[in-house]
Amino acid sequence: MADSEEMTINLVVFGRTQTGKSAVGNSLLGSSDFDSHWSPSSVTTRCRLARSCCISGILRRNGHELSLRVQVLDTPSYPHSGLSKEQVKHTVRSALAHHFGKEGLHLALLVLRADLPLCPDESDHAIQFIQELLGPTWKDFTAVLLTHADKAEEAGFSEEAYLHSASNTLLSLLSSVQHKYIFLDNQKSIIKEERAKILRKLLHFIRQNNYQVLLLKHSKE
């Protein structure tokens, strides 16, 4: 939070290589701050924080319109093609404490691809990784973003039909985070209206959690 006329939400993105994690960050910011392109190896090797300009017309509290700013921390993927789990975890933990140690984190966004099945091992690794970083209340502060939803739509799946056909692994993960999930159409994510729609959903999740933040301190292992 900032002053009474402006609210800042703090977000971090997690995900495997080529899930579109950095692209999600750019979509939320309405910019191209994060390096995002196809590569046979992991693109992001360090954490980086970026902040959006003031966004109007999205947020109202107590009958008053507030300007919204979005801060997004992009992180190296896990598993990573060039870094060990401990290297990624140390890098991310240090960045979380540095950037959000005082203001707190509103939401961690676990980025998954809607056009690829989620296997049990992948889900277990992601959950363990996030739990180790965020602690026992991780479920309250985590939402799932399903990228490439346009490919699922092209295959004839609505969101409802997709979830009806989804693996038990994915459904269990969505249930564990209290069904905080968003489908992201990669073809529309750069459109202003689509960005506003996604931000409103994220604000809804934050509101459901009573605007609480997760305070993250750097701990030596």
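Residues numbered from 1 in each chain as written. Predicted model: local features only at pLDDT ≥ 70, side-chain atom pairs only at ≥ 80, totals over all residues. Heavy atoms only, no water.

For the protein, the name recorded in an unreviewed UniProt entry is GTPase IMAP family member GIMD1, with Buceros rhinoceros silvestris as its organism.

(A) Layout of the overall build of the protein. Each helix and strand in the protein was counted, giving seven helices and seven strands. From first element to last, N terminus to C terminus, the protein shows the α and β order β-α-β-β-β-α-β-α-β-α-α-α-β-α. For a compact globule of 221 residues, the expected C-alpha radius of gyration is about 17 Å, and the protein comes in at 17 Å, within 12% of that figure. Counting only residues that meet the buried cut, the protein has 50% of its 221 residues in that class. Long-range pairs, those at least 24 residues apart, make up 75% of the contacts in the protein between residues at least 6 apart in sequence. Averaging the positions of the 25 positive and the 24 negative side-chain charges in the protein gives two centres separated by 5 Å. (Helix = DSSP H or I, 4+ residues; strand = E, 2+ residues; numbered from the N terminus. Rg over C-alpha atoms; globule rule 2.2 N^0.38 Å. Buried < 20%, exposed > 50% of the residue type's maximum accessible area, 1.4 Å probe, protein only. Contact = heavy atoms within 4.5 Å. Lys, Arg positive; Asp, Glu negative; His and termini not counted. Charge placed at Lys NZ, Arg CZ, Asp CG, Glu CD.)

(B) Structural view of the side chain of Arg195. By the element assignment, Arg195 lies in helix 7 (residues 192-208). Although Arg195 lies buried, it forms no salt bridge, and the closest oppositely charged side chain, Asp33, sits 8.9 Å away as judged by the N-O distance. Here the side chain of Arg195 touches Leu29 through a polar contact of 2.9 Å, landing on its backbone oxygen. (Salt bridge = Lys/Arg side-chain N within 4 Å of Asp/Glu carboxyl O. Polar contact = N/O pair within 3.5 Å; in protein donor to acceptor, adjacent residues only side chain to side chain.)

(C) The arrangement of helix 2 (residues 85-100) in detail. Over its 16 residues, helix 2 extends 22 Å from the first C-alpha to the last, a length consistent with the 22 Å expected when each residue adds 1.5 Å. Elements that come into contact with the buried residues of helix 2 comprise strand 1 (6-15), strand 2 (48-51), strand 4 (64-74) and helix 3 (120-134). (Expected span 1.5 Å × (residues − 1).)

(D) Spotlight on the nonpolar core. By size, the foremost hydrophobic cluster in this structure holds 37 residues, and its most contacted members are Phe14, Leu96, Leu105, Leu112, Leu134 and Leu170. Within the residue set of this core, elements represented by two or more residues are strand 1, helix 2, strand 5 (107-113), helix 3, strand 6 (142-147), helix 4 (149-154), helix 5 (159-165) and helix 6 (168-176). Not counting chain neighbours up to four residues away, the residues in contact with Leu112 comprise Leu118, Glu122, Val144, Leu145, Leu146, Thr147, Leu170 and Leu173. Core analysis: the second largest hydrophobic core is formed by 31 residues, Val24, Ile55, Ala196 and Leu202 among them. (Core = buried A, V, L, I, M, F, W, Y, C linked by side-chain atoms within 4.5 Å.)

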